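Below are the chains, spelled out letter by letter.
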Amino acid sequence: MLQQSSRQVSSNRHGAFGFGVAPRISRFRPIARGHSSSGQHHVEVSEEQVISRRQVMASKLLLVAGALVPAAPALADMEGAKVPAGKMKELSDSILAYKFEYPVSTTSGKPLAMLLSRVPEKYSSAAPLTADARQRIVSEVFDFRNYVTASMTVGPSSGVLKDRAPAEWKPREVALTVLVDRSTARTTAGQRVALNDVQEAHLETRDGLQYWVYEHVSQGSPTITTRTRESYRHSLAVTSWRSAMDGTPYLYTLNLSCPEDLWPELEPLFRRSVESFTLLPTTRDYIPPDKDPWLFF
């Protein structure tokens, strides 16, 4: 008798904890008024009360689910979403003391999912553009879907600018020097050359500082949107300078770039970005670019 009872307990435990077949739970149904055949009393529940309880339970489940599900993506990240035409965001960096605005939608309202692909950092730890590591990317925002970039690079003056005062620099000289310093293409003699066609270059003076603005076009690689071999990128850049600890002029360049087919919708916004680019007064957070230039951490 004791052995049989133990088997029953074991069977019940298996069923309760999922090792066997769990006992079936009957569905709740409204019961009619009166007594059952067994003589027990039942409370009458109307169909409306059942529906009301179900609605309450559903609402609670939705609240719980809402707390667990991640927040919806930003409007600019949603496929086909519309944002205000020509909307801009600002990036400000106190480490190297500059700021600029960049577009997060085109002039037609097409969203740009501009992600911070390179967080603002000091010159010594920034990624170099070429093997000599002069020009380095200190911050960058990038739209991976539309191939739109806004990159900030810093580097010492070089080439024809190196031994001359900034007041003597010509706009086209500045443009070509920066573009050559960013390029890895070389001639048969080993000299580095820029594969960019400078369309226009001019000098602007703002608050006593020099800003060289230049438009350039380069041949790019095929993309998802442009699969032809003859693909081009259109860019607008602005360069200014600031003296380092040893007095060497360091060039600060903001370069905005997009595929040629997007240029008509982005040119006005790129020009707004260039106008917004400013070298800020230095603070305690400022780290001169020539301070420990090879100290990466």
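Scroll up for the structure.
What counts, and where the lines are drawn
Residues numbered from 1 in each chain as written. Predicted model: local features only at pLDDT ≥ 70, side-chain atom pairs only at ≥ 80, totals over all residues. Heavy atoms only, no water. Helix = DSSP H or I, 4+ residues; strand = E, 2+ residues; numbered from the N terminus. Buried < 20%, exposed > 50% of the residue type's maximum accessible area, 1.4 Å probe, protein only. Areas by Shrake-Rupley, 256 points an atom, 1.4 Å probe, with all protein chains shown as cover. Polar contact = N/O pair within 3.5 Å; in protein donor to acceptor, adjacent residues only side chain to side chain. Phe/Tyr/Trp six-rings, centres within 6.5 Å; stacked < 30°, edge-to-face > 60°. Lys NZ or Arg CZ within 6 Å of the ring centre and 35° of its normal. Expected span 1.5 Å × (residues − 1). Contact = heavy atoms within 4.5 Å. Core = buried A, V, L, I, M, F, W, Y, C linked by side-chain atoms within 4.5 Å. Pairing = 2+ DSSP bridges. Axes fitted to C-alpha atoms, helices over the stretch in contact; angles between N-to-C directions.

Another aspect to go through is the overall build of the protein. Of the regular secondary structure elements, the protein holds 4 helices and 11 strands. With 297 residues in all, the protein has 38% of them scored as buried. Here the protein has roughly 18200 Å² of accessible surface; of this, 57% comes from carbon and sulfur atoms.

Here the focus is the environment of R272. Following the sequence through the fold, R272 ends up in helix α4 (residues 263-276). Measuring from C-alpha to C-alpha, the distance between R272 and Y102 comes to 8.1 Å, with 170 residues separating the pair along the chain. A polar atom in the side chain of R272 sits 3.3 Å from the backbone oxygen of G86.

Per the stated rule, a full pass over the model turns up 7 aromatic pairs. Ring geometry for Y123 against Y250: centres 5.7 Å apart, planes inclined by 85°, an arrangement best described as edge-to-face. Of this pair, Y123 sits in the loop between β3 (115-118) and β4 (127-128) while Y250 is found in strand β10 (residues 249-259), placing the two residues 127 residues apart along the sequence. Each of the two residues, Y123 as well as Y250, counts as buried. Between F142 and F144 the ring centres are 4.6 Å apart and the planes differ by 90°, which places this aromatic pair in the edge-to-face class. Classification of F142 as buried rests on a relative accessible area of 16%. Cluster of aromatic residues (ring-pair linked, three or more members): Y98, F100 and Y102. Seen from the ring of Y211, R206 lies directly overhead, with NZ or CZ sitting 4.4 Å from the centre. Across the ring face of Y252, the terminal group of R242 is positioned such that the distance to the ring centre comes to 5.4 Å.

On to α4. The end-to-end C-alpha distance of α4 is 19 Å, a good match for the 20 Å that 14 residues give at a rise of 1.5 Å each. Of the residues making up α4, those classed as buried are W263, L266, L269, F270, S273, V274 and S276.

Checked against the element boundaries, D143 lands in strand β5 (residues 136-143). Filtering out sequence-adjacent residues up to four positions away, D143 remains in contact with P111, L112, A113, M114 and V148.

Core analysis: the largest hydrophobic core is formed by 37 residues, its most contacted members being Y98, F100, Y252 and F277. Sorting the residues of this core by element identifies β1 (88-93), β2 (98-103), β5, β6 (148-156), β8 (209-220), β9 (231-243), β10 and α4 as the ones contributing at least two each. Setting aside its immediate chain neighbours within four residues, F277 contacts Y98, K99, F100, M152, R206, Y211, V238, S240, Y252 and L254. In terms of nonpolar packing, the next biggest core, distinct from the first, is built from 11 residues, L161, V174, W212 and A237 among them.

As a further point, take unusual backbone geometry. A positive phi angle is found at Y147, which is not glycine, with a value near 60°. For Y147, the location among the structural elements is in the loop between β5 and β6. Even without being glycine, D207 reaches a positive phi, approximately 50°. Among the secondary structure elements, D207 is positioned in the loop between β7 (196-206) and β8.

Quick look at the sheet that holds β1 now. In space, the 3 strands of this open sheet follow the order β1-β2-β11, with antiparallel pairing throughout. Every interior strand has two partners, whereas the edge strands, β1 and β11 (278-279), have only one. Summarising the sheet, β1 and β2 pair through 6 bridges and their orientation is antiparallel. In the strand pairing of β2, S92 is matched with K99. Across the sheet, α4 is in contact with β1, β2 and β11; its angle to β2 comes to roughly 170°.

With that settled, the discussion passes to the environment of P259. Take P259: it is sitting in strand β10. When near neighbours in sequence (up to four residues on either side) are disregarded, P259 contacts N146, Y147, Y232 and R233.

The next point concerns helix α3 (residues 171-182). Taking 1.5 Å as the rise per residue, α3 with 12 residues should run 16 Å; its terminal C-alpha atoms sit 17 Å apart, in good agreement. For α3, the full list of buried residues reads P171, V174, A175, T177, V178, L179 and D181.

Locating D181 in the fold gives a position in helix α3. In terms of polar contacts, D181 uses its side chain to reach the side chain of S158, at 3.2 Å.

Further remarks concern the environment of E265. Structurally, E265 can be placed in helix α4. Between the alpha carbons of E265 and A85 there is a distance of 9.9 Å; along the sequence they are 180 residues apart. Beyond its immediate chain neighbours, meaning those up to four positions away, E265 contacts T106, T107 and S108.

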